[in-house]
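Spelled out from the first residue to the last, the chains are:
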Amino acid sequence: MAPVLEVRSLTADHGRLRAVSEVSLRLDAGEVHAVIGANGAGKSTLLRAIAGLHPPASGTVLLDGDDVTRHPPERRVAAGLSLVPEGRRLFASLTVEENLLVGTHVARPGPWDLERVYDLFGWMRDRRRQRAEHLSGGEQQAVAIGRALVANPKVLLLDELSLGLSPKVVRDMYATLPRLLAEGVTVLLVEQDVSQAVRVATRIHCLLEGRTTLTGPPAVFTPAQIEAAYFGLG
Ligand code: ATP
């Protein structure tokens, strides 16, 4: 069976800076892969290139075996690839529900709709008419996840879920992952917090200056090996 998401030797630049260099990934259905790495390692650029928001210099992105490398972002969403961007990017003056509805515009048919999202995040149904700007950071992150889910993605790309959130909120956010996996969603996430990544991922990929320095199931590496790959030691 073809992997649900395959990235072959993806390279992406910011002007003259090579931000991502020949990165390859293969995600089978139901897996959670975590891309780790320090500030500026190229994690967000990699996710944005997979989502179609940053044109790659070279390489290929395959979704369920179909080459989507040249497809615009909305066509990738319609094909089952949704990004929760770093910083959430909600419409501040729209309500929770209006923000969720944005995600339904190019949705695939599937199990996720507003009601399922309200079931996933218990507090959200009662606050669906509140404007996004009045939510806490964690609540905004949940709405951003909900907006991606209502498009019924095969693969969910999560960029830095933990950014600016308290440890408890981060734990709550990650606690929703099993529910997504149970619905058949495959997850590729970017996480700066290595211990968090190691807890949830079936496979980790460490980037350093755009290159993969370590890849495999977290259990096969010692903390020292991961640290060396993260900081480029040894
Ligand atoms: P962070 O955790 O800080 O978000 P990251 O691992 O996601 O880092 P990227 O944001 O992908 O890394 O950045 C990779 C490299 O590309 C860095 O050197 C960064 O300075 C550079 N870069 C990122 N975005 C831009 C941009 N819009 N213009 C120019 N350079 C950029």
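Located above this text is the structure these notes cover.
Let us look at the structure shown here. All values derive from a computational prediction rather than experimental measurement.

What about the overall build of the chain?
Part 1: When helices and strands are tallied, the chain shows nine helices and 10 strands.
Part 2: A compact globule built from 234 residues would reach a C-alpha radius of gyration of about 17 Å, and the chain, at 17 Å, matches this within 12%.
Part 3: With respect to the three principal axes, the spread of C-alpha positions in the chain is 55 × 35 × 35 Å.
Part 4: Put simply, the chain has 234 residues, and 50% of those count as buried.
Part 5: Surface summary for the chain: the accessible area is close to 10700 Å², and the carbon and sulfur share equals 51%.
Part 6: Placing the 26 positive and 26 negative side-chain charges of the chain at their respective mean positions leaves the two points 2 Å apart.

Some remarks on the nonpolar core
Part 1: Met124 and Leu158 are the most contacted members of the largest nonpolar core, which has 44 residues in total.
Part 2: If you tally residues by element for this core, the top one is helix H5 (residues 137-149), at six residues.
Part 3: Not counting residues up to four positions away in its chain, the partners in contact with Met124 are Val96, Leu100, Val117, Tyr118, Ala142 and Val143.
Part 4: Formed by 27 residues, the second largest nonpolar core is a distinct cluster that contains Leu5, Ala12, Ala51 and Leu188.

Thoughts on the sheet that holds strand E3 (residues 32-36)
Part 1: In spatial order, the strands read E6-E7-E8-E3-E9-E10; together these six strands make up an open sheet with mixed pairing. This sheet does not close on itself; its edge strands, each paired only once, are strand E6 (81-84) and strand E10 (211-216). Within this sheet the neighbouring strands show an average axis-to-axis angle of 15°, counted without direction.
Part 2: Note that strand E7 (residues 155-159) and strand E8 (residues 186-190) share five bridges and pair parallel. Paired with Leu157 across the strands is Leu188, a residue of E8.
Part 3: Helix-sheet contacts for H5 involve E6 and E7, and the interaxial angle to E6 is about 170°.
Part 4: Along the sheet, helix H9 (residues 223-231) makes contact with E3, strand E9 (203-208) and E10, crossing E9 at roughly 35°.

Side note on H5
Part 1: With 13 residues, H5 ought to run about 18 Å at 1.5 Å a step, and its terminal C-alpha atoms sit 18 Å apart, in line with that.
Part 2: Within H5, 11 of the 13 residues are buried, leaving the element largely enclosed by the surrounding structure.
Part 3: The complete set of buried residues in H5 reads Gly138, Glu139, Gln141, Ala142, Val143, Ala144, Ile145, Gly146, Arg147, Ala148 and Leu149.

A few points about helix H1 (residues 43-51)
Part 1: When you tally the buried positions in H1, you get eight out of nine residues, the bulk of the element.
Part 2: By the burial criterion, the buried members of H1 are Lys43, Ser44, Thr45, Leu46, Leu47, Ala49, Ile50 and Ala51.
Part 3: Immediately beyond the C-terminal end of H1, within one or two residues, lies Gly52, with a positive phi of roughly 90°.

Calculation criteria
- Here the residue numbers are simple positions, counted from 1 along each chain's written sequence.
- Residue-level local features of this predicted model are given only where pLDDT is at least 70; pairs of side-chain atoms are given and counted only at 80 or more, and the full residue set underlies all totals for whole chains, interfaces and linings.
- In computing side-chain values, all of the structure's heavy atoms are included and hydrogens and water are not.
- Numbering of helices and strands runs from the N terminus, with a helix taken as a DSSP run of H or I at least four residues long and a strand as a DSSP run of E at least two residues long.
- The globule rule is 2.2 Å times the number of residues to the power 0.38, and the radius of gyration it is compared with is taken over C-alpha atoms.
- We call a residue buried when its accessible area falls under 20% of the maximum for its residue type, exposed when it is over 50%, and partly exposed in between, using a 1.4 Å probe and counting protein chains only.
- Note on areas: Shrake-Rupley, 1.4 Å probe, and residue coverage restricted to the protein chains presented here.
- Under the counting rule used here, the positive set is Lys and Arg, the negative set is Asp and Glu, and His together with the chain ends is not counted.
- Where a charge lies is defined by one atom per residue type, namely NZ (Lys), CZ (Arg), CG (Asp) and CD (Glu).
- Definition of nonpolar core: a set of buried residues of the types Ala, Val, Leu, Ile, Met, Phe, Trp, Tyr and Cys, connected through side-chain atoms within 4.5 Å.
- Contact definition: two residues touch when any of their heavy atoms are within 4.5 Å.
- Pairing between two strands is assigned when DSSP locates at least 2 bridges connecting them.
- Structural elements are reduced to axes, namely lines fitted to C-alpha atoms, with helices fitted over the stretch in contact, and the angle between N-to-C directions of any two is expressed from 0 to 180 degrees.
- How far a helix is expected to stretch is found by multiplying one less than its residue total by 1.5 Å.

Treat this as a map of the structure, not an account of what it does.
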